[in-house]
Amino acid sequence: MLKSPTNRSAPFLSRIARNQLVVVGLVMAVFLVLLAVFADAVSPRDPLAVDVAAALHSPNPKEPFGTDRFGRDLLSRVIHGSRVSLGVGFSSVTIALVVGTFLGLISGYFGGAWDIAISRVMDVFFSFPVLLLAIAIAAMLGPGIENAVMAIAIVYVPFFSRVARGPVLAEREKEYIQAARVIGASHGRILLRHIFPNVLSPVIVQASVTIAYAILTEASLSYLGLGTQPPTPSWGTTLNEGRTYLQLAPWISIFPGIAIMLAVLAFNLVGDGLRDALDPRMR
Amino acid sequence: MQRYIANRLLTMIASLLGVTIIVFLLIRLIPGTIVEQMMGTEALTSYETVESLRRYFGLDQPVYVQYYQWITRVLVGDLGHSWRTAIPVLEFILSRLPVTLELAAIAIIVALLIGVPAGIVSAIKHNSPVDSLARIIALTGLSIPVFWQGTMFILVLSLAFRWAPAMGWVSPLKDLGANLNMMLLPGFCLGTASAAVIMRMTRSCMLEVLRQEYIRTARAKGLAERVVLIAHALKNAMIPVVTVAGLQMGYLLGGTVVVEEVFSLPGIGRLLLWAIYQRDYPSVQGTVLFVAVMFMAVNLFVDVLYAFLDPRIRYA
């Protein structure tokens, strides 16, 4: 039950490698990113090419995932869907990370009124169920991929702010920070050079888990018709379109769902593994 | 204890004020104004109607006046009237509430029934194949979109048993069998992701507790392993699990929107979507506010319960 001491002192990378699940997750994530980047090259057909004569083909050797009601090749649409999912996931999480971490740093470092103001506002956002808030914001901004990114970014800002604030509070009072202050380092320099590195690892863990959630949230919004709009081949949108044909053409509802699951699983595995490696308590 | 509760109530009131401000401002995110959204292209032609509607909704007033007018009505339970049906929004919500509450209740029961035992087994068999398998299943459960899982269930059951999601809703008081027939599956779908979260929490809390000295003492005394696990370890490990289960209620309140849509259940979630599609903004506003307040109430309850279960928290 007790870990051997060598385990604790093992270098970070070997600790990650030991956890095979992270490797699996990383491989899956890299594969997805490559798929998204080279979507045009690997897709058998144009995801938007309509061919009504070939509508609702069931999976066959030429069209492994079948076709939808417009005769569009589902495999090509699922491949291109990775662009939407990863694109929305990465961009919304980047926004949330930058804004949230900044707020967390300010809140923890300056304390006092700043801390109270920022933390209270974050508390307010935490008072909404995440998906409900995302739906409400997306609905009000209007459907569309940019608005979905905004909605998802907004709801995940508080998570980064909270994760960043903790370590800042712990570091702020330490001697090397006092020393930096005494020799006249500016607040900006102290925050960036001395405090930020301490915040980095929890923020990275949070980011990989949040990408998984962001992909799920985008899929949910698009499924409800509030995210990516047709004809853009988003996984959620395709699942929405498949509802009408569930009995007639179940493949439309099957493959995009598997794609979502694998993408989310990939980032969950990475996030989980990183947390294990960076936070010894969780092992 | 009273001081802790009073303190917690005060912060909740502050957050509640913030929540009302956000819900109020939500409507202002709409491109253009609600009047133009409502009237569509007609707004371009009939300037007078636009102006009178603007006056009707108080849009000619400064924002803080509008907020004051809105909040004073909300405080006495008046969430306004639905634009599409003229029904008071609160009445609308309350008529849909039982469906959503039942769904969430079934989901949390499912989540606890699966999550807690799986977490315990996983912790006891730490680092064994059983543990790895349970962790992988839990991560997969977290990764499956609720709406897709629901769709797949409907697909399989309709092919195998010609089962179809029911239209409408039957109260469990009227016909329990028919009610469960339509509610169990959606509740199960909604509950699986939470089961994964609860399993992971149970597992890590059990592991944490099992490392402690008093467990070693209990074992050294020669107590049966079952007694050590259940009477000594589980009791303490469950305290954080209670919190997580409570917080999952919030996730479930958001998730019901999607699940109700998949299974065509007439709950608050479908009401919200209907209101969004219909551009019935007072209903959107009212529903979001209602669910957020419900979520906050659950959180408050969980915090108080936590303090009650774990006396250390009161000194923190």
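Just so you know, the residues in each chain are numbered from 1, in the order the chain's sequence is written. Naming scheme: in the order in which they are written, chains are lettered from A and ligands are numbered from 1. Owing to the predicted nature of the model, reporting of local features is limited to residues with pLDDT of at least 70; listing and counting of side-chain atom pairs is limited to 80 or more, with chain, interface and lining totals taken over all residues. The side-chain figures draw on all heavy atoms in the structure; neither hydrogens nor water molecules are used.

1. What about unusual backbone geometry?
Link 1 in the chain: Between Pro230(A) and Pro231(A) the backbone carries a cis peptide bond, its omega angle lying at 5°.
Link 2 in the chain: The residue Pro231(A) is located in the loop between helix 10 (187-223) and helix 11 (235-242) in this model.
Link 3 in the chain: The phi angle at Ala86(B) is positive, at roughly 65°, despite the residue not being glycine.
Link 4 in the chain: Going along the chain from the N terminus, every DSSP run of H or I of four or more residues is numbered as a helix, and every run of E of two or more is numbered as a strand. Structurally, the position occupied by Ala86(B) is in the loop between helix 5 (63-75) and helix 6 (89-124).
Link 5 in the chain: The backbone of Asn127(B) sits at a positive phi, close to 65°, despite the residue not being glycine.

2. Overview of the pattern of salt bridges
Residue and element names in this part refer to chain A.
Link 1 in the chain: Definition used for salt bridges: Asp or Glu carboxyl oxygen within 4 Å of a side-chain nitrogen of Lys or Arg. If you walk through the whole model with that rule in mind, you get 17 salt bridges over all chains.
Link 2 in the chain: Its salt-bridge partner being Arg77, residue Asp68 comes within 3.8 Å of it at the nearest N-O pair.
Link 3 in the chain: Note on exposure labels: buried denotes an accessible area under 20% of the residue type's maximum, exposed denotes more than 50%, and partly exposed covers the range between, all computed with a 1.4 Å probe on protein chains only. Of the residues examined, Asp68 reaches a relative accessible area of 3% and is grouped as buried.
Link 4 in the chain: Residue classification places Arg77 among the buried residues on the basis of a relative accessible area of 1%.

3. A closer look at the interface of chain B and chain A
Link 1 in the chain: Taken residue by residue, the interface counts 54 residues in chain B and 45 residues in chain A.
Link 2 in the chain: The quantity reported as buried area is the accessible area (1.4 Å probe) lost by two parts once they are put together, taken as the sum for both. Of the roughly 4400 Å² buried at the junction of chain B and chain A (both faces included), carbon and sulfur atoms supply 73%.
Link 3 in the chain: On the chain B side of the contact with chain A, Ser143(B), Phe147(B) and Trp148(B) bury the most area, a combined 14% of that side's loss.
Link 4 in the chain: Joining chain B to chain A, the criterion identifies two salt bridges.
Link 5 in the chain: Any pair of N or O atoms that falls within 3.5 Å is considered a polar contact. Within protein, one atom must be able to donate a hydrogen and the other to accept it, and sequence-neighbouring residues count only if both atoms are side-chain atoms. Where chain B packs against chain A, one counts eight residue pairs in polar contact (both at pLDDT 80 or more).
Link 6 in the chain: Elements that contribute at least two residues to the side of chain B that touches chain A include exactly helix 1 (2-26), helix 7 (129-143), helix 8 (146-161), helix 9 (176-210), helix 11 (225-262), helix 12 (268-277) and helix 13 (281-309) of chain B. In this description, contact between two residues means that some pair of their heavy atoms is separated by no more than 4.5 Å.

4. A few points about the nonpolar core
Link 1 in the chain: Within the largest apolar cluster, 145 residues are counted, with the highest numbers of intra-cluster contacts made by Phe128(A), Ile135(A), Ile195(A), Leu226(A), Phe147(B), Phe263(B) and Val288(B).
Link 2 in the chain: In terms of residue count, the dominant contributor to this core is helix 10 of chain A (14 residues).
Link 3 in the chain: Sequence-distant contacts of Ile135(A), defined by excluding residues within four places in its chain, comprise Leu221(A), Leu224(A), Leu226(A), Val257(B), Leu272(B) and Ile276(B).
Link 4 in the chain: Counting 20 residues, the second-largest nonpolar core is a separate cluster that includes Cys205(B), Leu234(B), Ala237(B) and Ala245(B). The nonpolar core is taken to be a set of buried Ala, Val, Leu, Ile, Met, Phe, Trp, Tyr and Cys residues, with the residues joined through side-chain atoms within 4.5 Å.

5. Description of empty space enclosed by the protein
Link 1 in the chain: Definitions used throughout: a 1 Å grid over protein atoms alone; a cavity as a set of points that fits a 1.4 Å probe which cannot get out; a pocket as an open set with protein on both sides within 12 Å along at least five of seven lines; a lining residue as one with an atom within 4 Å of a point. Grid points are joined across faces, edges and corners, and a volume is the space filled by probe spheres set on the points. Counted according to the given criterion, the structure contains two cavities of 30 Å³ or more.
Link 2 in the chain: In this structure, the largest cavity occupies an estimated 50 Å³ of space.
Link 3 in the chain: Taken together, Leu132(A), Thr100(B), Leu253(B), Thr256(B), Val257(B), Ile268(B), Gly269(B), Leu272(B) and Val291(B) make up the full set of residues lining the largest cavity.
Link 4 in the chain: When residues of the lining of the largest cavity are traced back to their parent elements, those giving at least two are helix 11 and helix 12 of chain B.
Link 5 in the chain: Nonpolar residues are Ala, Val, Leu, Ile, Met, Phe, Trp, Tyr, Cys and Pro. Charged residues are Asp, Glu, Lys and Arg, and all others, Gly as well, are polar. A class-by-class count of the residues in the lining of the largest cavity yields six nonpolar, three polar and no charged.
Link 6 in the chain: Here the second largest cavity is characterised by a volume of approximately 30 Å³.

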